[in-house]
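# Structure assessment
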Amino acid sequence: MPNAMKRLSAKHATVAFTVIVAVWLILDRITKVAFDNGQVGQVFVDNVLGLFQFILVHNTGAAWGIFSKSTFALGVFSVIISVAVILWFASVARKGQVALLEVISLALVASGGLGNAIDRLAYGYVVDFINCTFIDFPVFNVADIGVTVGIALLMISLLLSIFASDEASAAADAGKGE
């Protein structure tokens, strides 16, 4: 079994989840505070490896400006989703063994959602500062990375679980035929 699919006890999964949420949330807050001390539109570092720049943006909507000026509603939605993810994790952890990859993915989604919710509800905007210069992509932040990577890892975890389950069923079926 790959390490990412390693099963953790409820206690270890809860500790790992809590640590990841706390560390990611702290990293998000530190970076946002550091960049939010500038002027909106200010470029702090330009042309990093020809891939991105650090520029301050106050985002009152979601990606690509959708739901612009819906900051409060998006903040409430982020809190609801984050709480739902935390409750889902608690439910899964309570039942027993949890895959490490699932713990990591859910923790990243929860902390990313909470990080952006804090901005939306406290400031009325999200502090974004990472701008990809090689592609037309919305400016984003550490919380956004957590949500995106967390969802991708959750999909991978679910696919690995399905394949592992299929393999176990095939092995069980092969054993019955003997």
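Our structure is the block above this text.
Okay, so let's go over this structure. Within each chain, residue numbers correspond to sequence positions counted from 1 in written order. Only residues with pLDDT of at least 70 get local features here, since the model is predicted, and only at 80 or more are side-chain atom pairs given and counted; chain-wide, interface and lining totals rely on the full set of residues. Computation of side-chain values: all heavy atoms of the structure, hydrogens and water removed.

### A look at the packing of aromatic side chains
Put simply, the test is: Stacked, tilted and edge-to-face pairs are distinguished by plane angle, under 30 degrees for stacked and over 60 for edge-to-face with tilted covering the rest, among Phe, Tyr and Trp rings (Trp via its six-membered ring) whose centres lie within 6.5 Å. Starting at the N terminus, helices and strands are each numbered in turn, a helix being any DSSP run of H or I of at least four residues and a strand any DSSP run of E of at least two.
Scanning all chains against the criterion turns up 8 aromatic pairs. Ring geometry for F17 versus F89: centroids 4.1 Å apart, planes at 5 degrees, classification stacked. A residue pair is termed long-range when its members are at least 10 positions apart, and F17 in helix α1 (residues 10–35) and F89 in helix α2 (residues 71–94) qualify at 72 residues. Here the aromatic cluster, defined as three or more aromatic residues joined through ring pairs, consists of F35, F44, F52, F54 and F129.

### Quick word on the packing of α2 against helix α3 (residues 100–123)
Rules: For helices, the fitted axis covers only the stretch in contact; all axes are lines through C-alpha atoms, and the angles between them, taken along N-to-C directions, range from 0 to 180 degrees. Roughly parallel covers angles under 35 degrees, roughly antiparallel covers those over 145, roughly perpendicular covers 65 to 115, and oblique covers all other angles. With the far helix as reference, a near helix turned anticlockwise by less than a right angle produces a left-handed crossing, and one turned clockwise produces a right-handed crossing. Ten residue types, Ala, Val, Leu, Ile, Met, Phe, Trp, Tyr, Cys and Pro, are classed as nonpolar, four, Asp, Glu, Lys and Arg, as charged, and the remainder, Gly among them, as polar.
Running from N to C, α2 and α3 point in directions that differ by 155 degrees, and their axes come no closer than 8 Å. Considering their axes alone, α2 and α3 lie roughly antiparallel with respect to each other. Handedness of the crossing formed by α2 with α3: left-handed. For the contact of α2 with α3, the per-class residue count stands at 16 nonpolar, 5 polar and 2 charged.

### Comments concerning the sheet that holds strand β5 (residues 126–132)
What counts, and what does not: Two strands pair if DSSP finds at least two bridges between them.
Reading across the sheet, the 3 strands line up as β2-β3-β5 and stay open at both edges, with antiparallel pairing between neighbours. Of all the strands in the sheet, just β2 (43–48) and β5 have a single pairing partner and so form its edges. Direction aside, the axes of adjacent strands within the sheet are offset by 35 degrees on average. Strand direction decides the pairing type here: β2 and strand β3 (residues 52–59), joined by 3 bridges, are antiparallel.

### Details of α1
We apply this condition: What a helix should span is 1.5 Å times the count of its residues minus one. Note on classification: 1.4 Å probe, protein chains only; a residue is buried when its accessible area is under 20% of the maximum for its type, exposed when over 50%, partly exposed between these limits.
Helix length check: α1, at 26 residues, gives a terminal C-alpha distance of 37 Å against a target of 38 Å (1.5 Å per residue), a fit within 8%. Turning to α1, its buried residues number three or more, namely A13, F17, V21, L25, D28, R29, T31, K32 and F35.

### Quick notes on the pattern of salt bridges
For clarity, the threshold we go by: Only one rule defines a salt bridge in this text: a Lys or Arg side-chain nitrogen within 4 Å of an Asp or Glu carboxyl oxygen.
Applying the stated criterion across every chain yields a total of 3 salt bridges. The shortest N-O distance in the salt bridge between K32 and D28 comes to 3.0 Å. Of this pair, K32 and D28 both sit in helix α1, 4 residues apart, roughly one helical turn. Assigned by exposure class, K32 and D28 land together as buried. In this structure, D119 engages K32 in a salt bridge whose closest nitrogen and oxygen atoms are separated by 3.1 Å. Here D119 is found in helix α3, whereas its partner K32 is found in helix α1, with 87 residues between them in sequence. With respect to burial, D119 and K32 carry one shared label: buried. A single network of salt bridges, built from pairs that share partners, joins D28, R29, K32 and D119.

### Concerning the nonpolar core
Heads up, the condition is: Throughout this description, the term nonpolar core refers to a set of buried Ala, Val, Leu, Ile, Met, Phe, Trp, Tyr and Cys residues connected via side-chain atoms within 4.5 Å. The criterion used for residue contact is that any of the two residues' heavy atoms lie within 4.5 Å.
Counting residues in each nonpolar core, the largest one holds 14 residues, and the members touching the most others are A13, F17, F89, V103 and L106. For this core, the secondary structure elements donating two or more residues are α1, α2 and α3. Here this core gets 5 residues from one element, more than from any other, and that element is α3. Discounting residues that sit within four places of it in the chain, F89 has contacts with A13, T14, F17, V103 and L106.

### Notes on a nonpolar patch on the surface
Selection rule: Residues enter patches when their relative accessible area tops 30% and they take part in no salt bridge; the joining distance is 9 Å for like charges and 5 Å for the nonpolar side chains Val, Leu, Ile, Met, Phe, Trp and Tyr. Here the open area of atoms and residues is found with the Shrake-Rupley method and a 1.4 Å probe, where only the protein chains shown may cover a residue.
A surface patch of nonpolar side chains, amounting to about 540 Å² of accessible area, comprises L49, L51, F134, I135 and F137. Looking at the secondary structure, you find F134 in the loop between β5 and α4 (142–176). When its relative accessible area of 55% is taken as the criterion, F134 is described as exposed.

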